[in-house]
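Observations on chain architecture
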Amino acid sequence: MSPSPVSSTPILRTTLLWSAGVSAALAVIGAVIGYLVAGPEGLWSALAGVLLAAVFLSITALSILIANRWYGQELYVQLFFGIVMGGWFFKFVLFIATLLVLRGQPWLDPTVFFVAVVVSVLASLVIDVIVFVRMRIPHASDVSLPTTDPDEDSGTAKV
């Protein structure tokens, strides 16, 4: 659908791939530590915290990747902001619903859950920084500069 890829696409794809790997590792580590700290409730709390953070952090990147498919279209800006804002609204509603469902669950240890969410978010921020620093993309990457014809007069005005 898009005539040329947007420069943020490789960054977001790399971030999603790295985040998936780190989330899997954090799920295993969190489950073990949660089990050692709080028993089976700690295990499930750590898994729920890591999963919740991974899902919520990936929604924004996925919405931007989906919106970038319309790059070059006449309504790209409107579609982009509509899709991204729709993703944020969906994330907000899902967050409130998730907290209401998880509140008071007997299998949930709030401290382990909180630590798992915070560690997952911090890991995601570190991944974002590393990926953005390592990607070699010019500051004005999606801009095409006007070209001049070498056969024409170079900048002199004709009267």
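Relevant structure appears above.
Residues numbered from 1 in each chain as written. Predicted model: local features only at pLDDT ≥ 70, side-chain atom pairs only at ≥ 80, totals over all residues. Heavy atoms only, no water.

1. Some thoughts on helix α2 (residues 76-102)
This is how it is decided: The helix and strand labels rest on DSSP assignments: H or I over at least four residues marks a helix, E over at least two residues marks a strand, and numbering proceeds from the N terminus. Helix span, expected: 1.5 Å multiplied by one less than the number of residues in the helix. In this scheme, a residue with accessible area under 20% of its type's maximum is buried, one over 50% is exposed, and one in between is partly exposed, where area comes from a 1.4 Å probe on protein chains only. Note on contacts: a residue pair qualifies if any of its non-hydrogen atoms lie within 4.5 Å across the two residues.
Taking 1.5 Å of rise per residue, 27 residues should cover 39 Å, and α2 covers 38 Å from first to last C-alpha, within 8% of that figure. Residues of α2 that are buried: Y76, F80, V84, G87, K91, T98 and L102. The secondary structure elements touched by the buried residues of α2 are α1 (8-67) and α3 (110-134). With its phi angle positive at about 80°, G104 sits one or two positions after the end of α2.

2. Examining α1
Heads up, the condition is: Bend, at a single residue, is the angle you get between axes fitted to the 7 residues ending at that residue and the 7 residues starting at it.
The end-to-end C-alpha separation of α1 is 11 Å, well short of the 88 Å expected for 60 residues at 1.5 Å each. Considering bend angle alone, the principal kink of α1 is centred on A38 and spans about 150°; proline P40 follows within four residues of it.

3. Brief notes about the packing of α1 against α2
The cut-off we apply is this: Geometry is summarised by axes, namely lines fitted to C-alpha atoms with helices restricted to the contacting stretch, and by angles between N-to-C directions that run from 0 to 180 degrees. Small angles under 35 degrees read as roughly parallel and large ones over 145 as roughly antiparallel, with 65 to 115 read as roughly perpendicular and the rest as oblique. Rotating anticlockwise by less than a right angle from the far helix to the near helix defines a left-handed crossing, while the corresponding clockwise rotation defines a right-handed one.
Where α1 meets α2, the axes come as close as 8 Å, and the angle between the chain directions of the two elements is 165°. As far as their axial angle goes, α2 and α1 are roughly antiparallel. Considering the relative orientation of α1 and α2, their crossing is right-handed. Contacts from L52, F56, I59, T60, S63, I64, I66 and A67 of α1 reach α2 at Y76, F80, I83, V84, G87, W88, F90, K91, L94, F95 and T98.

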